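Chain by chain, the residues run as shown.
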Amino acid sequence: MSESSAEVVAHAAGAAVAASAAGAAGGWRRATGIAGVAIGVVAAGAAAGVALERMTVGRGMRQKARLALDSAGPYGSLRGMPGKAFADDGTELYYEVDDLDPEAAPAAIGPRRRRLFGRKAPAPVTVVFSHGYCLSQDSWHFQRAALRGVVRTVHWDQRSHGRSGRGVAQGRDEPVTIEQLGRDLKAVIDAAAPEGPIVLVGHSMGGMTVMALADQYPELVRERVVGVAFVGTSSGRLGEVNYGLPVAGVNAVRRVLPGVLKAMGQRAELVEKGRRATADLFAGVIKRYSFASRDVDPAVARFAERMIESTPIDVVAEYYPAFNDHDKTEALAHFADMPVLVLAGVQDLVTPSEHSEAIADLLPDAELVLVPDAGHLVMLEHPEVVTDRLADLLTRTGAVPAGATVKGYGSTSTAQPG
């Protein structure tokens, strides 16, 4: 999941089994026990690796390694000017703005920008980044670092994620919908970028959020959006994704998962204890569904694990139904007359690259980039590729002058916060 069953399954695989063994009431034990059998199919590959690790590395040593990675990794440390927007149901949405470097501004407002936007001194182009499910705005760490000072950017946390507030409507038992996320994005744009041209960038659920914005506010897209990037996302048919599993395993998970997640959300405190108790298995599942490279930086993998761990299980549960209902294929037409980047990892098990190809087929002028040896979190796994293609998109939209230099902050092995 970042956006459909995969990360939900990642949570559920450890949590359901652990909750079953936690000594809860008999009914809960039976429910999670049955779920554990079905969901265990998902975790089988990761569990084998974890079992081997347990034979060679003590639990205390693994805990020390995690602490060392947490202290050494700079990922997620970048902060900007904070702000708050409020959704139509009153949910508080947290965002941060990284403004243009004043010294770079004169170069940014050149003849090309004046021709494009028809103003002698246009409001700076704002690039709005929307993150995926179970992640936060920090998932764009490398791209944020590379673009700092070169272009104005807004990074926000989706409702119930990161530093944003819990969904007010969800407190009234109203379901989360992708349409609601589109309205949330509109509230953030109104607060953080009320004027001037916009480039929208969305990963996985964030890409779906961008599509929902266009579906509900086509005039905003027509009048202000000058470019869009869809990274590892889908316009629909997520119910057909098999997550790299045999058909029997997928069908078993789909039958029990909605009910199990609902039960988990009602016993959140107990399930959170279960997640902590199964951290090793959980980490293995996250890595399998997030990355494809064998040599992914351990600190980056741990960073992704921390983001996903921080999403409460009741939030995981309340979001799940929204993805099967997602269908924004027709909304893509609103982006037909602008520069578009569609990028995905070839080995993405969550939103397979075929979904990105389907988006590109509907936007024939889009640039389609399929990254070999990359999984769902391609912007963390191969940040240099994503940053390079984003920089090119921003140049094509006029957001970044052709002569601008984007920092070479793409390597996961040598990067330090700027």
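Scoring rules and cut-offs
Residues numbered from 1 in each chain as written. Predicted model: local features only at pLDDT ≥ 70, side-chain atom pairs only at ≥ 80, totals over all residues. Heavy atoms only, no water. Helix = DSSP H or I, 4+ residues; strand = E, 2+ residues; numbered from the N terminus. Buried < 20%, exposed > 50% of the residue type's maximum accessible area, 1.4 Å probe, protein only. Areas by Shrake-Rupley, 256 points an atom, 1.4 Å probe, with all protein chains shown as cover. Salt bridge = Lys/Arg side-chain N within 4 Å of Asp/Glu carboxyl O. Pairing = 2+ DSSP bridges. Axes fitted to C-alpha atoms, helices over the stretch in contact; angles between N-to-C directions. Contact = heavy atoms within 4.5 Å.

### Re the overall build of the protein
The secondary structure content of the protein amounts to 18 helices and eight strands. Counting every position in the protein, which comprises 418 residues, the buried fraction comes to 58%. A total accessible area of about 16,500 Å² is found for the protein, and carbon and sulfur atoms account for 55% of it.

### Remarks on the pattern of salt bridges
The final tally for this structure, using the stated rule, is 23 salt bridges. Residue D88 pairs with R183 through a salt bridge whose shortest N-O separation is 2.7 Å. Pair noted here: D88 is in the loop between β1 (81–86) and β2 (92–98) and R183 is in helix α8 (residues 178–192), with a separation of 95 residues, a long-range link. Judged by its relative accessible area of 55%, D88 is exposed. Two residues, R148 and D98, come together in a salt bridge whose shortest N-O distance is 3.3 Å.

### A few points about the sheet that holds strand β3 (residues 126–130)
Reading across from one edge, β1-β2-β4-β3-β5-β6-β7-β8 is the order of the eight strands in this open sheet, with mixed pairing throughout. Sheet topology places β1 and β8 (367–371) at the edges, where each strand pairs with a single neighbour. Recorded for the sheet is a direction-independent mean angle of 20° between the axes of neighbouring strands. Summarising the sheet, strand β7 (residues 340–345) and β8 pair through five bridges and their orientation is parallel. Within β8, the residue paired with V342 across the bridge is L368. Packed on one face of the sheet, helix α16 (residues 353–362) meets β6 (225–231), β7 and β8 and runs near 165° to β7.

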